[in-house]
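Chain and residue survey
Okay, here's what each chain looks like letter by letter:
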Amino acid sequence: MVSSNSILVNFWFYGSIVDTLESDQIGIKKEEFTDFTNFLKELYSVYDFKIGGIAIEEDVLELFGVDVPFPNECYCYENVSPDHFLQESSHFIDIIWSEKYEKLNIIPYNHEKLDKKGVLIKTGSFNDILL
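All values derive from a computational prediction rather than experimental measurement.

What follows is about the overall build of the chain. In terms of regular secondary structure, the chain is built from 3 helices and 4 strands. Beginning at the N terminus, the succession of helices and strands in the chain can be written as α-β-α-β-β-β-α. The buried share of the chain, taken over its 131 residues, is 38%. Look at the contacts in the chain between residues 6 or more apart in sequence, and 59% of them connect residues 24 or more apart. As presented, the chain carries roughly 8,400 Å² of accessible surface, and 51% of it is formed by carbon and sulfur atoms.

Structure (structure tokens):
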């Protein structure tokens, strides 16, 4: 629980190509990148959430635009705004936003509509982050 009405769920996958050699990780292969996006889309098809994302070394709390320890009421789901994550650069590669909460009129990134009023927004690239 990050606030009285918000839960943060992180899935951490280890093995980035930027890990140290001592970690003995094989790294994420380029052909596996779409698997992460498909996993996020599958989660959205099953669960009702306002926002979700894929990032390297970051969690979804960055999308709130505040930097305070949690739990804190600034992380209530009503406080996440597309004004922040659509205008600010972030570590996110893909973001799913549910338009059940707020319709997006202008999306300055490549995007696609999903079922359940979702929008998958391509805010970055694995190549940009891993290189």
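Inspection of the entire model under this criterion finds 5 salt bridges. For the salt bridge of aspartate 48 with lysine 100, the shortest nitrogen-to-oxygen distance reads 3.1 Å. Residue aspartate 48 is located in the loop between helix H1 (33-46) and strand S1 (51-55), and its partner lysine 100 is located in the loop between strand S2 (92-98) and strand S3 (110-114); the two are separated by 52 residues in the primary sequence. Of the charged contacts, one joins lysine 103 and glutamate 99 as a salt bridge, the two residues approaching to 3.9 Å between their closest N and O atoms. Of the residues examined, lysine 103 reaches a relative accessible area of 52% and is grouped as exposed. Ionic contacts of the salt-bridge type, sharing partners, join the residues Glu99, Lys103 and Lys113 into one network.

For the rest of this paragraph, the subject is the packing of aromatic side chains. On inspection of all chains with the given rule, the structure shows 5 aromatic pairs. Their ring planes at 85° and their centres at 5.3 Å tell us that phenylalanine 64 and tyrosine 75 sit as a pair that is edge-to-face. Residue phenylalanine 64 is located in the loop between S1 and helix H2 (82-87), and its partner tyrosine 75 is located in the loop between S1 and H2; the two are separated by 11 residues in the primary sequence. Using a relative accessible area of 12% as the deciding quantity, one classes phenylalanine 64 as buried. The positively charged end of lysine 116 is found above the aromatic ring belonging to tyrosine 44, 5.1 Å away from the centroid.

By secondary structure assignment, the location of threonine 37 is in helix H1. Those residues in contact with threonine 37 that sit more than four places away from it in its chain are Ile54, Asp94, Leu120 and Lys122.

With that settled, the discussion passes to the nonpolar core. Burial of nonpolar side chains together is a common tendency in soluble globular proteins. One finds Ile51, Leu63, Phe85, Trp97 and Ile121 to be the most contacted residues of the largest nonpolar core, which totals 18 residues. If you list the elements that add at least two residues to this core, you get H2, S2 and strand S4 (118-122). Counting residues per element, this core draws most heavily on S2, at 3 residues. Once you skip the residues sitting within four places of it in the chain, tryptophan 97 turns out to touch Lys50, Ile51, Val80, Pro82, Phe85, Glu102, Leu104, Lys117, Gly118, Val119 and Ile121. By size, the runner-up hydrophobic cluster in this structure holds 14 residues, among which are Phe49, Leu114, Leu120 and Phe126.

The next subject is the pairing of S2. The buried fraction of S2 is high, at 7 of 7 residues. The pairing of S2 with S4 spans 5 bridges and is classified as antiparallel. Note on S4: the bridge partner recorded for serine 98 is glycine 118.

A few words on the sheet that holds S3. Pairing between the strands of a sheet comes from backbone hydrogen bonds, and it takes one of two forms, parallel or antiparallel. Taken together, 4 strands build an open sheet; the order of strands is S1-S2-S4-S3 and the sheet is antiparallel. The strands lining the two open edges of the sheet, one partner per strand, are S1 and S3. Neighbour-to-neighbour, the strand axes of the sheet open up by a mean angle of 15°, direction not taken into account. With 5 bridges joining them, S3 and S4 adopt antiparallel strand pairing. Paired with asparagine 110 across the strands is lysine 122, a residue of S4.

Basis of the calculations
- Residues numbered from 1 in each chain as written.
- Predicted model: local features only at pLDDT ≥ 70, side-chain atom pairs only at ≥ 80, totals over all residues.
- Heavy atoms only, no water.
- Helix = DSSP H or I, 4+ residues; strand = E, 2+ residues; numbered from the N terminus.
- Buried < 20%, exposed > 50% of the residue type's maximum accessible area, 1.4 Å probe, protein only.
- Contact = heavy atoms within 4.5 Å.
- Areas by Shrake-Rupley, 256 points an atom, 1.4 Å probe, with all protein chains shown as cover.
- Salt bridge = Lys/Arg side-chain N within 4 Å of Asp/Glu carboxyl O.
- Phe/Tyr/Trp six-rings, centres within 6.5 Å; stacked < 30°, edge-to-face > 60°.
- Lys NZ or Arg CZ within 6 Å of the ring centre and 35° of its normal.
- Core = buried A, V, L, I, M, F, W, Y, C linked by side-chain atoms within 4.5 Å.
- Pairing = 2+ DSSP bridges.
- Axes fitted to C-alpha atoms, helices over the stretch in contact; angles between N-to-C directions.

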